[in-house]
Amino acid sequence: MSNYFSMEAFDYDDIQLIPNKGIIKSRRDADTSVKFGSRTFKIPVVPANMESVINDDLAIWLAENGYYYVMHRFEPEKRIPFIKMMHKKGLFASISVGIKDSEYDFIDELVKQNLKPEYITIDVAHGHSVYVIKMIKYIKEKLPESFLTAGNIATPEAVRELENAGADATKVGVGPGRACITKLKTGFGTGGWQLAALRMCSKVASKPLIADGGIRHNGDIAKSVRFGATMVMIGSMLAGHKESPGNVIKIDGKTYKQYWGSASEVQKGAYRNVEGKQMLVPYRGSIKDTLREMQEDLQSSISYAGGRDLNSIKLVDYVIVKDNIFDGDK
Ligand SMILES: NC(=O)C1=CN([C@@H]2O[C@H](COP(=O)(O)OP(=O)(O)OC[C@H]3O[C@@H](n4cnc5c(N)ncnc54)[C@H](OP(=O)(O)O)[C@@H]3O)[C@@H](O)[C@H]2O)C=CC1
Ligand SMILES: Nc1nc2c(ncn2[C@@H]2O[C@H](COP(=O)(O)O)[C@@H](O)[C@H]2O)c(=O)[nH]1
């Protein structure tokens, strides 16, 4: 068992990365692309696989425009038509599954229909579980060509066990999400120290990690890359767009969109094992502008890191400046 007591706990707001001598003439020369599975994507960012963040139209747009996506699993009967639709359009299919018995039938049905989604994500709250390990083994046996991500987890032990079971990537983050109340309801998770948890997991990971939850500023993407993330999953910051599934709400002349947790009462339709809430996020226009700005900011990060691509960010020094980073206005 690791000794977590001696671990330095810090989060995104406690860290600043230290610049190196720049070697590129323009930020436009910085390459933000990332390989994940057999494909290369424009930026290491993926919208959360939540019903309030992604839908069919957005998945199509993301796949067509060089971005990674993961469709949510909350309309299970639509997954097979979704895979067929994406493949008919010549696009990759990336779906989520759970671990209940019916999900084994779903995998069997994919095999029966010879449907091979390029990416599968096992999406459960407590990913370090014998039932997740069982599902990983089943999927890798039945659909060995699909790139399989498993999560969510919080510890190096979990990374090792899920990788050893056959996962091609693991997803780190239990409780740091904006719509999350896991930390309050259960007392568990990486809320408040997600970045340190990511660093700890990256020390043992031999396959890609996805940092999931807690991103509040574009600079947090570069910080995630510095501490070991290949991909960064984002919910609340990508839920307020015209393309986002939530309803538009106007209050006192300001426009918002609804964002709800996947373990919220709204999602579950019942108040049972609720670990999420519904909230409003500011309306932000088109997602393509937000993703473009994320790419530009990441290009600046690469320049400050003194390199030409994302690898340069992984090597920079950093300082911990606890409770000292303000946005200039506070
Ligand atoms: N990243 C995060 O911090 C969190 C994310 N979520 C998201 O909410 C959605 C619903 O999650 P989840 O409740 O796992 O989905 P499910 O309702 O599909 O539950 C997964 C399965 O695991 C069982 N289970 C056993 N222990 C736990 C546990 N501690 N937490 C959850 N399930 C457990 C459940 O049984 P039973 O219901 O009978 O216990 C169920 O069979 C997912 O999309 C998940 O990613 C939810 C919470 C935290
Ligand atoms: N504890 C809970 N976590 C949830 C729930 N629904 C989603 N999530 C996780 O949050 C991230 C997104 O985080 P954000 O900080 O970018 O908003 C998402 O990918 C899930 O891992 C929930 O109901 N409870």
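What you are looking at is a predicted structure, and each value in this text was computed from that prediction instead of being measured. (Residues numbered from 1 in each chain as written. Chains lettered and ligands numbered in written order. Predicted model: local features only at pLDDT ≥ 70, side-chain atom pairs only at ≥ 80, totals over all residues. Heavy atoms only, no water.)

## With respect to the overall build of the chain
Keep this limit in mind: Helix and strand labels come from DSSP, where a helix needs a run of H or I of at least four residues and a strand needs a run of E of at least two; each type is numbered from the N terminus. Relative accessible area decides the class of each residue, using a 1.4 Å probe on protein chains only: under 20% of the type maximum gives buried, over 50% gives exposed, and in between gives partly exposed. The contact rule is simple, with two residues in contact once any of their heavy atoms fall within 4.5 Å. Here, Shrake-Rupley sampling with a 1.4 Å probe gives the accessible areas, and only protein chains in the shown set may cover a residue. Charged residues are defined here as Lys and Arg on the positive side and Asp and Glu on the negative side; His and the ends of the chain fall outside this count. All charge positions are set by atom: Lys at NZ, Arg at CZ, Asp at CG, Glu at CD.
Across its full length, the chain carries eleven helices and 14 strands. Once the C-alpha set of the chain is aligned to its principal axes, its extents read approximately 55 × 55 × 40 Å. Split into buried and exposed, the 330 residues of the chain put 52% on the buried side. Looking at the chain alone, contacts between residues at least 24 apart form 67% of all its contacts between residues at least 6 apart. Here the chain has roughly 15800 Å² of accessible surface; of this, 49% comes from carbon and sulfur atoms. The averaged location of the 40 negative side-chain charges in the chain is 2 Å from the averaged location of its 45 positive side-chain charges.

## Describing the pattern of salt bridges
Between side chains of opposite charge, a pair can form when the charged atoms approach closely. Formally: Between Lys or Arg on one side and Asp or Glu on the other, a salt bridge is scored when a side-chain nitrogen of the former is within 4 Å of a carboxyl oxygen of the latter.
Scanning the model with the defined rule gives ten salt bridges in all. In this structure, the salt-bridge partner of K116 is E145, at a minimum N-O distance of 3.9 Å. With K116 in the loop between helix 3 (101-112) and strand 6 (119-123) and E145 in the loop between helix 4 (130-142) and strand 7 (147-153), this residue pair connects regions lying 29 residues apart in the sequence. With its nearest N and O atoms 3.0 Å apart, the salt bridge here joins K171 to D212. Of this pair, K171 sits in strand 8 (residues 169-172) while D212 sits in strand 9 (residues 209-212), and the two are 41 residues apart along the sequence. The same class applies to K171 and to D212, which are both buried.

## Points about the site of ligand 1
Note the cut-off: Any residue with a non-hydrogen atom lying within 4 Å of a molecule or strand is treated as near it. Under the rule applied, a polar contact is a pair of N or O atoms within 3.5 Å (in protein, one hydrogen donor and one hydrogen acceptor; residues adjacent in sequence only if both atoms are side-chain atoms). Under the convention adopted here, Pro, Cys and the residues Ala, Val, Leu, Ile, Met, Phe, Trp and Tyr are nonpolar, Asp, Glu, Lys and Arg are charged, and Gly plus all remaining residues are polar.
What surrounds ligand 1 is a group of 16 residues, the closest being R73, D123, A125, G173 and G175. Residue A125 places a main-chain N or O atom 2.8 Å away from an oxygen atom belonging to ligand 1. At 3.1 Å from a nitrogen atom of ligand 1 is found a main-chain nitrogen or oxygen belonging to G173. Protein chains bury 66% of the 850 Å² of accessible surface belonging to ligand 1 in isolation. Of the residues that constitute the shell around ligand 1, the class distribution is six nonpolar, six polar and four charged.

## Considerations on helix 5 (residues 156-165)
Structural remark: α-helix, 3.6 residues per turn; residues separated by three or four positions point the same way. Of all the ten residues making up helix 5, seven are buried; the element is thus mostly covered by neighbouring parts of the structure. Among all positions of helix 5, only P156, E157, A158, V159, L162, E163 and A165 are buried. Contact partners of the buried residues in helix 5: helix 4, strand 7, strand 8, helix 7 (194-202) and strand 9. Directly beyond the C-terminal end of helix 5, a positive phi value near 125° is found at G166.

## Notes on the site of ligand 2
Around ligand 2 sit 22 residues in total, of which T182, D212, Y259, A263 and E275 are the nearest. Within the contact set of ligand 2, a nitrogen atom lies 2.7 Å away from a side-chain nitrogen or oxygen of T182. Relative to its free-state accessible area of 520 Å², ligand 2 is covered by the protein chains to the extent of 91%.

## Overview of the environment of G177
With respect to the helices and strands, G177 occurs in the loop between strand 8 and helix 6 (182-186). On the accessibility criterion, G177 (25% relative accessible area) is partly exposed. The spatial distance from the C-alpha of G177 to the C-alpha of D212 is 7.8 Å, given a sequence separation of 35 residues. When sequence neighbours within four positions are dropped, the list of residues in contact with G177 reads K183, G213, G214 and R216.

## Observations regarding the packing of helix 1 (residues 56-64) against helix 10 (residues 287-305)
As a reminder, the rule being used: Lines fitted to the C-alpha atoms define the axes, with helices restricted to the stretch that makes contact. Angles between their N-to-C directions range from 0 to 180 degrees. An angle counts as roughly parallel when it lies under 35 degrees, as roughly antiparallel when it exceeds 145, as roughly perpendicular when it falls between 65 and 115, and as oblique in every other case. Crossings are sorted by hand: turned counterclockwise from the far helix by less than a right angle, the near helix makes the crossing left-handed, and turned clockwise it makes it right-handed.
Axis separation between helix 1 and helix 10 bottoms out at 12 Å; the angle between their running directions is 40°. Taken together, helix 1 and helix 10 sit at an angle that is classed as oblique. Considering how the two elements wind past one another, helix 1 and helix 10 form a crossing that is right-handed. Counted together, L58, W61 and L62 of helix 1 and I287, K288 and L291 of helix 10 form the full contact between these two elements.

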